[in-house]
Amino acid sequence: MLNHILSLMLLVPLLGAAICLFVDAKAARTVALAATLIDFALGIVLWNQYEVGGPRWQFQESAELFAGFSWKLGIDGIALMLIELSVFLMPICILASASIKKRVGEYMAAFLLMETLMIGVFSAQDLYLFYIMFEAGLIPMYLIIGIWGGADRIYASYKFFLYTLLGSVLMLIAMLWMVHEAGTTDIPTLMEYNFPVEAQKWLWLAFFASFAVKMPMWPVHTWLPDAHVQAPTAGSVILAGVLLKMGGYGFIRFSLPMFPEASAHFAWLVFALSMIAVVVTSLIALVQHDMKKLIAYSSVAHMAIVTVGLFAFNVQGLEGSMIVMLSHGLVSGALFLCVGVIYDRLHTREIDRYGGLSINMPKYALLFMLFTMASVGLPGTSGFVGEFLSLAGIYQVSSWVAFVAGTGVILGAAYMLYLYRRVAFGEQKNADAAAMTDLSAREVLMLAPIAAVVLWMGVYPESFLAPMRQDIATLDARLSQAKPEGDAKLTAGKPKAAAAHEEPAQHGGAH
Amino acid sequence: MDPILLIVFLPLLAAAIAGLGNRALGNVPAKAVTTLALFAACALSWPIFISFVSGHAEPHVVQVLHWVRSGSLSFDWALRVDTMTAVMLVVVTTVSALVHLYSWGYMDEDPDQPRFFAYLSLFTFAMLMLVTADNLVQMFFGWEGVGLASYLLIGFWFRKPSASAAAIKAFVVNRVGDLGFMLGIFGTYLVFNTVSIPEILVRAPSMAGSTIHFLGMQWDTMTILCVLLFIGAMGKSAQLGLHTWLPDAMEGPTPVSALIHAATMVTAGVFMVCRLSPMFAVSETAMNVVTYVGAATLFFAATIGTTQWDIKRVIAYSTCSQLGYMFVAAGVGAPGAAMFHLFTHAFFKALLFLGAGSVIHAMHHEQDMRYYGGLARKIPLTYAAMMAGTLAITGLGIVDVFGFAGFYSKDSILEAAYASASDSGRFGFWMGITAALLTSFYSWRLIFLTFHGKPRWAQSEHVQHAVHDAHGHGHDDHGHGHAHHDDGTAGYHPHESPLPMLIPLVVLSLGAVFAGWVFSHSFISEGGGEFWKGSIAFSEELIHHMHAVPTWVKWAPFGVMALGLFTAWYAYIRNPRLPAAFVEQFGVVHQFVFNKWYFDELYNFLFVRPAFWLGDKFWKWGDIGLIDRFGPNGAAWVVAQGSRAAKVVQSGYLYSYALVMLLGLTAAISWVMVH
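Residues numbered from 1 in each chain as written. Chains lettered and ligands numbered in written order. Predicted model: local features only at pLDDT ≥ 70, side-chain atom pairs only at ≥ 80, totals over all residues. Heavy atoms only, no water.

## Examining the pattern of salt bridges
And step 1. Evaluation of the coordinates by the stated rule reveals 27 salt bridges over all chains.
And step 2. For Glu106 of chain A, the salt bridge is made with Arg103 of chain A, and the minimal N-O distance between the two is 3.6 Å.
And step 3. Taking relative accessible area as the criterion, Arg103 of chain A reaches 46% and is therefore assigned partly exposed.
And step 4. A salt bridge links Asp600 of chain B to Lys169 of chain B; its shortest N-O distance comes to 2.9 Å. Placement of the pair is Asp600 of chain B in helix 26 (residues 599-630) and Lys169 of chain B in helix 6 (residues 161-192), with a sequence separation of 431 residues.
And step 5. Residue Asp600 of chain B is classed as partly exposed on the basis of its relative accessible area, which comes to 26%.
And step 6. Each member of the salt-bridge network shares a partner with another, and the members are Arg80, Asp82, Asp134 and Arg275 of chain B. (Salt bridge = Lys/Arg side-chain N within 4 Å of Asp/Glu carboxyl O. Buried < 20%, exposed > 50% of the residue type's maximum accessible area, 1.4 Å probe, protein only. Helix = DSSP H or I, 4+ residues; strand = E, 2+ residues; numbered from the N terminus.)

And the structure:
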């Protein structure tokens, strides 16, 4: 079974999806929950059996299909962690879909199909297979937004589509060229292939067009707030939790190892866009009246920390970015669940319609506070570890980037605490909000596991770093040929006694 | 098991039990479990401290768990026990245990007691993690943890808009400092390739005279690292510029003000600078920055303290000012004196706050001193405790005989500032002397307004509510109404606080009276090096210079203390019309000082409003007006114009997408087949 565990993990939700289409609503919920739980169990087996420090690619399987197109799967530690994130969030999403009443079977089928495709993205080792999974993975999302979304769902999914279209066309063309040049569709081989530097730049830009949209980076982020606002709760969770991670995964799997020189060449483009994103989207988050929009904008700011870390070209930056991705997947997912909990009760995302929820919903207030703090990056939660490593990584390249990206630490606290204050603190000014009941057992079951993992990742991130360590070290070695020089320009220290008479001059310069 | 593990983790465990148990657990069990945990931690801490005082203990580190391993950047959860830690352990656990006990009385009528006690214990845990940190990142963990607890406790009465606003302000202003702290940690890691505090301290001297680029400018390496870290300290310790959150933090319940915003958390910045004092000592510029900022703060805060009417705000500005003294000491190279003042200040300032809490409790939550007066006879024990605290903070004492706590610690700071013989030290000294005069004035002003003179609370709304409630509930068995009370009491008779509140007052009074006398030898004598065991940059030489200062320097603090006392007596007892006349004469100056030098208004104008304005414009002009208009909406418009079939675009996008993908794939596969 272990030889084909990845195929099995793809198959289980796919089968579940097929069954869901033909059964009634209640049965569909059960089937979906069972399928996602089985996949979660398989995920645990996968993690358990993954040999830390073992071969770089594990659980590989390969079957020639036709015309050079092959079914090739396999994972490294990075993919493993993202798969774990996906299978962990899926059962929670199914639980969070209790308020969906319309076309439940199709809804569950869409989610299960998406799970298959997500795992497919992270485990594909064939370039075309990856492309199919990567692009097709968005189709269920369009459906989820377009059918089960809010009032403006058509506009939102249209925007989503338009942005992604441009990127995916360019990426496909780049892939065709690459296969032509390197003569293989095998991703591990391509990761070690040295493309000509000039060609790298064009290829890098083509991939960037796709990944920057998925990430999303400023200024191609405007689809995200609309998509989140219109998506049903579980859709938002998967969108923020896993789909946004595909952009980061793309950078770490394709752009960086395949085009190291081009990555170094364009690093400043990435830094510039990321710095703008941190400041601009954080400030925008500050003035939002819609909870989901606020969290969506905060996602853009957090993803900017991921991109600066990835392009820091060092171990701390890369590991930090991975942890930010995992952490953000959990935390923003949980925050969208928190919004969903009260949306289900009052059917509004307007922040001002709530207030004083700490009084009637103390359990909710506690968990919401925890996730708020994790989003703010409080040490002891997962948010801190990633943010800290990422910024420590980028500091070695440029103190300016670290400083500007670091302002997100201040602004993040401002907009998240301002949100929390308006929702949970203050008087209960709205009678209907004051009458809302605290978390049900189902809702606790959704949020408590995420809370536990957020703390686990914050206190002992070694569990999550260990599987990725070797892969990141390999990537770091691969990148070393193009590594930029830091801007610190540290000069050697002089023994204090000898330097004594020079010190006034030194300090004069310091002012 | 090493006792330090129990000291640190018992409060965490208690916080979890009380917090998660919350209403299910009930008030008394939640309160009992947290209070017992703290008394246990306190009982375990004192022997550690005593063993360091007697010189029998050796510094050691207890490893707990790996935290992060990332390339060469690695740090663990570990508990460091050395002299610095031992001092902080007794300060934190003692004040915290007493505050827990005090809160049994003070918070007795609050509906949310388990939550309150859980926060208090959580705070204590975070503070203990901070003081036992062996690396900068764990220190940052504690740093942020106490920030969280502070945020939760300032906003404890979250129904009050002012409380939740103050909570956010405290967190966000602190985050400004934290950015400096984080950048300082990154820089330290870049330079030393480690974040372990002992390793950094050993290697810091070798970096003297080296340079580094930060934000495009060339700096002396140790200067920029220390200044960045110090920015963090300025935030947490409410130094000038980043102080605005501290007065607002008084929105929290008074026991919180005593524990967090007086005795422990706000001293974290001082602790950090002292802990890293061998590092700061390498950069003269950084030391000067610390001294100047401290000196400016101690003066600035003291001026505001003289004008405030809210009893807690007076003490809050006093705290801000006293923290400035500690930074002056650290800046002139006397971290021993800084730590000693931190130690004594913890006792007398906690005492003053808890005393103020007792007054507020007696006065039915009235905090305006204009509505106090003549309370000495009503609440004599509180009066005695506040007297002890005031004598300690103003530093009454006779050289070489006996003095209250502040006498030893504050005077040693002033002597060190004078003895350091640097420009910054001189500045610190003169500012310190001036502020000592102001300190004496505002402290005695507080005592006279509160406890002396005639009762003035008839006009107080809080007291009127209390009287009215009592009457409304049918307790009007005295048979007389308001009109009969022309003695200013309106029939309201303040009563002394219950025992759980009085015991902490008594214990802390003992500290305020004797802590200086008992421990000055260990902390700041020539033999101090034995006591500190290298945990701070202790300079025997400076101690010698301190002892050799001119006699007038030794007596100057006493002189200004007496002058302040006399002025306060003259203005508030002898000639009570004088302050009003003064205010009329110097209206502009008074307005400026009374309004806290307009810092809040300035920051509002410079940062808060522009942030919201920019956010709005970035959103409406940038995202909607520019990106969406010319991006997706523009594309839709073009397509619609071209095909004249907007509906196809809007409803058929899914199919066109699938089509594009399919076409692409077909192309790809045929390409591969052809080759």
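## Concerning the nonpolar core
Soluble globular proteins tend to pack their nonpolar side chains together in the buried interior.
And step 1. Core analysis: the biggest nonpolar cluster contains 450 residues, and Phe371 of chain A together with Tyr151 and Phe343 of chain B have the highest contact counts within it.
And step 2. If sequence neighbours within four positions are ignored, Phe371 of chain A has contacts with Val331, Ala334, Leu335, Cys338, Leu447, Ile450, Ala451 and Val454 of chain A. (Core = buried A, V, L, I, M, F, W, Y, C linked by side-chain atoms within 4.5 Å. Contact = heavy atoms within 4.5 Å.)

## Concerning the interface of chain B and chain A
And step 1. With 91 residues of chain B in contact, the opposing surface of chain A contributes 101 residues.
And step 2. Of the roughly 8600 Å² buried where chain B meets chain A, counting both sides, 73% is carbon and sulfur surface.
And step 3. A salt bridge links Lys159 of chain A to Asp628 of chain B; the nearest nitrogen and oxygen atoms lie 2.7 Å apart.
And step 4. Joining chain B to chain A, the criterion identifies 16 residue pairs in polar contact (both at pLDDT 80 or more). (Buried area = accessible area lost by both parts, 1.4 Å probe. Polar contact = N/O pair within 3.5 Å; in protein donor to acceptor, adjacent residues only side chain to side chain.)

## Some details on the side chain of Ser399 of chain A
And step 1. Within the fold, Ser399 of chain A resides in helix 18 (residues 399-424).
And step 2. Discounting chain neighbours no more than four positions away, the residues touching Ser399 of chain A are Asp487 of chain A together with His213, Phe214 and Leu215 of chain B.

## Notes on the layout of surface pockets
Residues and elements named next belong to chain B.
And step 1. Space inside the second largest pocket adds up to approximately 1200 Å³.
And step 2. Contributing to the lining of the second largest pocket are 36 residues, with Val172, Val173, Tyr603, Phe607 and Val608 lying nearest its centre.
And step 3. Looking at the lining of the second largest pocket element by element, the count peaks at 11 residues for helix 26.
And step 4. Of the residues belonging to the lining of the second largest pocket, the class tally is 24 nonpolar, 5 polar and 7 charged. (1 Å grid on protein atoms, 1.4 Å probe; cavity = no way out; pocket = protein on both sides within 12 Å on 5 of 7 lines; lining within 4 Å. Points joined across faces, edges and corners; volume = space filled by probe spheres on them. Nonpolar A, V, L, I, M, F, W, Y, C, P; charged D, E, K, R; others polar.)

By themselves, these figures tell us nothing about what the structure is for.
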